[in-house]
Amino acid sequence: MRALNSPSVVDRRTLMRASAAGVAVAAMPAFFSAASPMLLQAVPGTPTGPDFTLPDLDGAPVRFADHKGRIVLVNFWATWCPPCRAEIPSMERAWAKLKETNVAMLAVHVGGDAEKIWEFLAELNVTFPVLIDRSSDVAKAWTTVGLPTTYIADREGRKALRAIGGREWDHPDLIASILALKA
């Protein structure tokens, strides 16, 4: 357990207060984009990730349960969210490293329409799977605190790790944390 005065606890509290006050996360001091974004939290009790079926950008259904046996990174994001937009390029770089290791990545866009999502992703040449949660029901079922929120599900489909806020997903520490779940 971390001490109450540890930097990561203070940083999260400051971030939560700022978020509640309507301050954009992207406007937060540099220390939020330095050390703390590389942290992943263990999810207490490792509950099973709620199953879902969502359409991808082509309208084809994708089911979470179909990925059982694989580590699955489930990222909840939106095009209107500055920290979400900022982390997408690092997710693409992480995908390039992870896709050959039998790790799945499901980027779940919360709300919105496919046309706006396509326009944004086309600029970045994104190749990982993007799903659309128009009703936000899946985001709610997965207990997203804000956007972006990412869960790393283990091979049994349990929520093992969580990240609230943007990350540099291709950072070696994050890649190692994800791959450690395969052991």
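What counts, and at which threshold
- Residues numbered from 1 in each chain as written.
- Predicted model: local features only at pLDDT ≥ 70, side-chain atom pairs only at ≥ 80, totals over all residues.
- Heavy atoms only, no water.
- Pairing = 2+ DSSP bridges.
- Helix = DSSP H or I, 4+ residues; strand = E, 2+ residues; numbered from the N terminus.
- Contact = heavy atoms within 4.5 Å.
- Axes fitted to C-alpha atoms, helices over the stretch in contact; angles between N-to-C directions.
- Core = buried A, V, L, I, M, F, W, Y, C linked by side-chain atoms within 4.5 Å.
- Buried < 20%, exposed > 50% of the residue type's maximum accessible area, 1.4 Å probe, protein only.
- Polar contact = N/O pair within 3.5 Å; in protein donor to acceptor, adjacent residues only side chain to side chain.
- Parallel < 35°, antiparallel > 145°, perpendicular 65-115°, else oblique.
- Left-handed = near helix turned anticlockwise from the far one by under 90°.
- Nonpolar A, V, L, I, M, F, W, Y, C, P; charged D, E, K, R; others polar.

S.K.: I'm lost on the sheet that holds strand S7 (residues 149-153) in this one. Help?
M.R.: Strand-to-strand pairing in sheets goes through backbone hydrogen bonds, with the strands running parallel or antiparallel. With respect to topology, 6 strands assemble into an open sheet ordered S1-S8-S7-S4-S5-S6, the strand pairing being mixed. The sheet is open, and its two borders are formed by strand S1 (41-42) and strand S6 (130-133), each paired with just one other strand. The strands touched by helix H2 (residues 82-98) are strand S4 (71-77), strand S5 (103-110) and S7; relative to S5, the strand with the most contacts, the crossing angle is about 160°.

S.K.: Where do I start with the nonpolar core in this structure?
M.R.: Grouped burial of nonpolar side chains is what soluble globular proteins tend to show. Counting residues in each nonpolar core, the largest one holds 32 residues, and the members touching the most others are Trp77, Leu121, Phe128, Val130 and Trp169. Elements represented by at least two residues in this core include exactly S4, H2, S5, helix H3 (114-124), S6, strand S8 (159-164) and helix H5 (172-180). Considering every element that reaches this core, the biggest residue donor is H2, with 6 residues. The next biggest cluster of nonpolar side chains, apart from the first, holds 18 residues, and it includes Val62, Val108, Trp142 and Ala153.

S.K.: What is the right way to read the pairing of S6 from this model?
M.R.: Each regular strand shows side chains that alternate between the opposite faces of the sheet. The side-chain alternation of S6 yields two buried faces, one formed by Val130 and Ile132 and the other by Leu131 and Asp133. Examined bridge by bridge, S5 and S6 share 4 bridges and lie parallel to one another. When the bridges of S6 are listed, His109 appears paired with Ile132.

S.K.: In this structure, what is going on with the environment of Cys81? I would like to understand it.
M.R.: Checked against the element boundaries, Cys81 lands in the loop between S4 and H2. In this structure, Cys81 is in contact with Leu147 and Pro148, ignoring residues within four places of it in sequence.

S.K.: Whenever I open this one, the side chain of His109 confuses me. Can you help?
M.R.: Structurally, the position occupied by His109 is in strand S5. A polar contact of 3.0 Å, which involves the side chain of His109, links it to the backbone nitrogen of Thr79. Beyond its immediate stretch of four places on either side in the chain, His109 contacts Trp77, Ala78, Thr79, Ile117, Leu131, Ile132 and Asp133.

S.K.: Teacher, can you tell me more about the packing of H2 against H3 here?
M.R.: For any two helices packed against each other, one specifies the crossing angle of their axes together with the interaxial distance. One way to put it is that H2 packs onto H3 with a least axis distance of 10 Å and a crossing angle of 45°. On the basis of the axis angle, H2 is oblique to H3. Between H2 and H3 the crossing geometry is right-handed. Contact residues: Arg85, Ile88 and Pro89 in H2; Phe120, Leu121 and Leu124 in H3. Considered class by class, the residues forming the contact of H2 with H3 number 5 nonpolar, no polar and 1 charged.

This is a description of form; function is not addressed.
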